[in-house]
Amino acid sequence: MRTAVVFLLLLCQPGWAESLQLNQDIQRQSLNHFIYYFEEPTQGLNLSDVIQLEEGKWQRNQKQTFNRSYSTSTWWLKISFRHQHKANLSRLLEISYPVLDYVNVYAVSNAGITEFNLGDKLPFDKRPIRHRSFVIPLEFQPLEKMDVFISVQSASAIQVPTTLWSQEEFFYHHQTQNMIHGLYFGIMVVMAIYNLFIFLAIGERSYLYYVMFICCTPLFLSSLTGFSFQHLWPHATHWNDQAIIVSLSGVVFFGILFTWEFLKLSQQHILIKSIAQLFLFSSFLTAGLSFFITYNTGIRIIIPLATLACAYCLFMGYYRWNSGEISARYYAVAWSVFLLGGITLSLNKYTILPQNLFTEYATQIGSALEAILLSFALADRINKERMMRFSAQEEALLAERDLRHAREQSLEIQKQATETLELRVQERTKELERLNRKLEALSDTDQLTGLKNRRYLDRVLKEEFSRCTHYQHAIALLLLDIDHFKSFNDNYGHLVGDECLKAVALCVKKGLRWASDRSARYGGEEFCVLLPETSLKGALTVAERIRTRVEAMEFMVEGNVVPVTISVGATSIIPTTEQSLENLIAQA
């Protein structure tokens, strides 16, 4: 009955809103200029009431993105579509601002009303399409008119960037986006691990504060962009808001601590120290209060606080640089880049800047560059200390030349001091070489399965292929794939899927013959085994041994044995200069 009433009201509605004429050849189209909106301060209207609104109460969106900053009102948006072709058309409607609290979407057409309830106040698995953005599937019948009404209410900034996608273009575009985000998070993780090892090696606290700072930064950005809600806490809807405030408070807190330690603020004027201590106290207090105050209040506190803290760190960097602290030059440039990204984000939230690719990714770009530049600053300090040691050594040599005619005892003392200094330099150099080797081993290892990763495999494949081509020896390759792994993940979940990958990787490792056989994770549920000096018969023997091990293992899920099998492709050739490594992989 409710559907019929709403449909009749829709038929009677005047056609004042401009409609988007759908074209099946257009794979991506922004909807922001087709949005009509209405502000509802009292939050008491339903869909029927909204359809009956007079034409004059609707306003057309004139901005590049619908953006109303922080507001306690409920905002109704309307987008009209016309499908004038005689074939069905499937499209995805994306709202690419993942931190909206409540987003209710109503698709009203001749076929009736389809309702979708989304928002980060609902568990992640309630979404019609499990994506970090809000994605709604729309099905258009031939010659159909459809009106889409969107109700938005949120304690965060009211931003509703809307795009209409074909399914192929949507997943291709977001695959590229995920790769960019993965590159960013990878850079931050590598910088954190590298400098953590340096901290463990030399024990200087500035390295620890730096590591904590660059850990909080990607956590804040992953919470803001929806990755954390999707992958880390999909059911923790309350914590999802708090995580943004807590992580940004951590950025301020550890950023100030790092500045205090690196720029030696304890030796500066009492006013400079007092301001730094005020930032530390305020960020710590905001993180604690985030569990008791509303998100709207907390974010209005922490964003200006973070902006001012960045400005303070930037000022101190240039101040110390001007005072003769050479290492501060990297620091000052790093905070300039980070502050630019933070200011861009703040102006975007307060609607001063529009939402676009630059404003959305300015903080990621700025923080990644800042992490790299701050690492340069820390490295510069190490080089500075090393130069001081070399300078001391040179001074000792000069003193030895000037005191050549001094007593023999003085010469012996000077010689011992020089040897001690050289020994310390050698010990420090060996320790750094050990850390570099350890980091290289970590970078060649797949963290989930413990096997070597794709990067390592590509390098070894090229070496072995070149060697076997030169000496005309056989080289064999196995490619393994877990059967029906996508269905396995869908049925049991990604955590069980990860355990399955670990179990299969162990079988692969145990199925090898000797140390020259190399195994690696090729990607996803695929593994690769390189067998130098091996014929096809030998390769098939190894492949069958691995296959039977996997088939025979008892993989338990909730007390039950779940069968796991693999498919293996095997090939063996004696490579020539006319053949390529890609041909060998393709044959496998």
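Further up the page is the structure itself.
All values derive from a computational prediction rather than experimental measurement.

Student: Where do I start with the overall build of the chain in this structure?
Tutor: The secondary structure content of the chain amounts to 16 helices and 19 strands. C-alpha extents for the chain along the principal axes are approximately 110 × 80 × 50 Å. Expressed as a percentage of the 588 residues in the chain, the buried residues total 48%. Accessible surface, the chain as shown: approximately 29500 Å² in total, 58% of it carbon and sulfur. A gap of 3 Å separates the mean positions of the 54 positive and 57 negative side-chain charges of the chain.

Student: For this particular structure, what's the right way to read the layout of surface pockets?
Tutor: A volume near 910 Å³ is recorded for the largest pocket. Lining the largest pocket are 15 residues, with Arg-130, Gln-230, His-231, Gly-493 and His-494 positioned closest to its centre. Secondary-structure elements contributing two or more residues to the lining of the largest pocket are helix H5 (227-231), helix H13 (485-492) and helix H14 (494-510). Looking at the lining of the largest pocket element by element, the count peaks at four residues for H13. Partitioned by chemical class, the residues of the lining of the largest pocket number five nonpolar, six polar and four charged.

Student: How should I be thinking about helix H8 (residues 295-322) in this particular structure?
Tutor: The α-helix advances 3.6 residues per turn, and as a result positions three or four apart in sequence lie on the same side. Between its first and last C-alpha, H8 extends 40 Å over 28 residues, near the 40 Å set by a 1.5 Å rise per residue. Gly-324 occupies a position one or two residues after H8 and carries a positive phi of about 105°.

Student: Teacher, can you tell me more about unusual backbone geometry here?
Tutor: Only a minority of non-glycine residues have a phi that is not negative, and only a minority of peptide bonds are not trans. Phi at Ser-69 is positive, roughly 55°, even though this residue is not glycine. When you line up the elements, Ser-69 lands in strand E5 (residues 66-70). Even without glycine at this site, Gln-472 takes up a positive phi of about 55°. The topology assignment puts Gln-472 in the loop between helix H12 (454-471) and strand E14 (475-482).

Student: Looking at this structure, how should I read the nonpolar core?
Tutor: Across soluble globular proteins, nonpolar side chains have a tendency to be buried as a group. Core analysis: the largest hydrophobic core is formed by 93 residues, its most contacted members being Phe-81, Leu-138, Ile-150, Ile-256, Tyr-312 and Trp-335. Top contributing element to this core by residue count: H8, with 12 residues. Once residues lying within four places of it in the same chain are set aside, the contact partners of Tyr-312 are Ile-256, Leu-265, Ile-272, Ile-275, Ala-276 and Phe-279. With 29 residues, the next largest nonpolar core counts Leu-480, Leu-512, Ile-546 and Ile-566 among its residues.

Cut-offs applied
Residues numbered from 1 in each chain as written. Predicted model: local features only at pLDDT ≥ 70, side-chain atom pairs only at ≥ 80, totals over all residues. Heavy atoms only, no water. Helix = DSSP H or I, 4+ residues; strand = E, 2+ residues; numbered from the N terminus. Buried < 20%, exposed > 50% of the residue type's maximum accessible area, 1.4 Å probe, protein only. Areas by Shrake-Rupley, 256 points an atom, 1.4 Å probe, with all protein chains shown as cover. Lys, Arg positive; Asp, Glu negative; His and termini not counted. Charge placed at Lys NZ, Arg CZ, Asp CG, Glu CD. 1 Å grid on protein atoms, 1.4 Å probe; cavity = no way out; pocket = protein on both sides within 12 Å on 5 of 7 lines; lining within 4 Å. Points joined across faces, edges and corners; volume = space filled by probe spheres on them. Nonpolar A, V, L, I, M, F, W, Y, C, P; charged D, E, K, R; others polar. Expected span 1.5 Å × (residues − 1). Core = buried A, V, L, I, M, F, W, Y, C linked by side-chain atoms within 4.5 Å. Contact = heavy atoms within 4.5 Å.

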